[in-house]
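What follows is the residue order along each chain.
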Amino acid sequence: MSGDAARPRMRQLIQKFGTGGIELAEVPCPPVKPGYVLVATRRSIISSGTERSITEFAGAGLISKARQRPGQVKAVVERVRSQGVIKTVRAVKDRLERWY
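Residues numbered from 1 in each chain as written. Predicted model: local features only at pLDDT ≥ 70, side-chain atom pairs only at ≥ 80, totals over all residues. Heavy atoms only, no water.

Chemist: Hey, could you run me through the overall build of the chain in this one?
Modeler: Looking only at helices and strands, the chain has five helices and two strands in total. In the chain, the succession of helices and strands from N to C terminus is α-β-β-α-α-α-α. Contacts in the chain between residues at least 24 apart in sequence constitute 42% of all its contacts with a sequence separation of at least 6. (Helix = DSSP H or I, 4+ residues; strand = E, 2+ residues; numbered from the N terminus. Contact = heavy atoms within 4.5 Å.)

Here it is, written out as structure tokens:
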């Protein structure tokens with residue numbers, strides 16, 4: 001049995017960065033460090049600002065995304081120089097497929 005299976009579970013709203021898709025997932029509760037508390041929330045309101053901006057960003061084309069984030073474009077170009085195109089493309093695709 002893994003450590004996560006033994007921990008209490010909670011629901012978490014996550015959003016896929018590449019597509020803007022939203023999912024309600026069952027995830028392990030975070031571990032509680034000494035001197036900290038874990039608060040059980042009964043109700044919550046979703047802030048539409050951040051979620052809307054991610055959804056709009058996800059729906060944009062690659063050129064539009066590049067224009068919105070020139071610092072990341074620079075980092076990708078530097079990574080191509082140091083690690084090559086194939087590794088960089090894999091890393092970018094992995095990043096766009098993550099849930100937040």
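Chemist: Would you explain the confidence of the model for the chain in this entry?
Modeler: When pLDDT drops low, the exact placement of atoms in the prediction is not to be read closely. The share of residues in the chain with pLDDT of 70 or more is 84%, and the mean pLDDT across the chain is 81. Mean pLDDT values for the elements of the chain range from 66 in helix α1 (residues 3–6) up to 92 in helix α4 (residues 70–83). (pLDDT = per-residue confidence, 0-100.)

Chemist: Explain the packing of α4 against helix α5 (residues 85–97) to me, please; I cannot follow it from the model alone.
Modeler: Orientation of α4 relative to α5, taken along the N-to-C sense of each, is 140°, at an axis distance of 7 Å. Taken together, α4 and α5 sit at an angle that is classed as oblique. Counting all contacts with α4, which are made through V76, R79, V80 and Q83, the residues of α5 involved are V85, K87, T88, A91 and V92. Partitioning the contact of α4 with α5 into residue classes produces five nonpolar, two polar and two charged. (Axes fitted to C-alpha atoms, helices over the stretch in contact; angles between N-to-C directions. Parallel < 35°, antiparallel > 145°, perpendicular 65-115°, else oblique. Nonpolar A, V, L, I, M, F, W, Y, C, P; charged D, E, K, R; others polar.)

Chemist: It is not clear to me how a nonpolar patch on the surface should be interpreted in this structure. Could you clarify?
Modeler: On the surface, V76, V80, V85, V89 and V92 cluster together into a nonpolar patch covering about 330 Å² of accessible area. Among the elements that line the nonpolar patch, the one with the most residues is α5, at three residues. With respect to the element layout, V76 can be found in helix α4. (Patch = residues over 30% accessible without salt bridge, like charges linked within 9 Å, V, L, I, M, F, W, Y side chains within 5 Å. Areas by Shrake-Rupley, 256 points an atom, 1.4 Å probe, with all protein chains shown as cover. Salt bridge = Lys/Arg side-chain N within 4 Å of Asp/Glu carboxyl O.)

Chemist: Help me understand α4 in this model?
Modeler: At 3.6 residues per turn, the α-helix brings residues three or four places apart onto the same side. Under the 1.5 Å per step criterion, the end-to-end length of α4 is 20 Å for 14 residues, consistent within 8% with the ideal 20 Å. Looking one or two places after α4, you find G84, whose phi comes out positive at around 95°. (Expected span 1.5 Å × (residues − 1).)

Chemist: How should the environment of E78 be read in this particular structure?
Modeler: Its location among the elements puts E78 in helix α4. Residue classification places E78 among the partly exposed positions, given a relative accessible area of 41%. Distance from E78 to T88, taken between C-alpha atoms, is 9.6 Å for residues 10 residues apart in sequence. (Buried < 20%, exposed > 50% of the residue type's maximum accessible area, 1.4 Å probe, protein only.)

Chemist: Sorry if this is basic, but what is going on with the environment of A60 here?
Modeler: Examined against the element boundaries, A60 turns out to sit in the loop between α2 (48–59) and α3 (62–68). Separated by 41 residues in sequence, A60 and T19 have C-alpha atoms that sit 9.4 Å apart. Excluding residues that lie within four positions of it along the chain, A60 makes contacts with K65 and Q68.

Chemist: When you look at the side chain of T88 in this model, what are you seeing that I'm missing?
Modeler: By the secondary structure assignment, T88 is in helix α5. By relative accessible area, T88 is classed as buried at 2%. Within polar-contact distance, the side chain of T88 engages the backbone oxygen of G84 at 2.7 Å. (Polar contact = N/O pair within 3.5 Å; in protein donor to acceptor, adjacent residues only side chain to side chain.)

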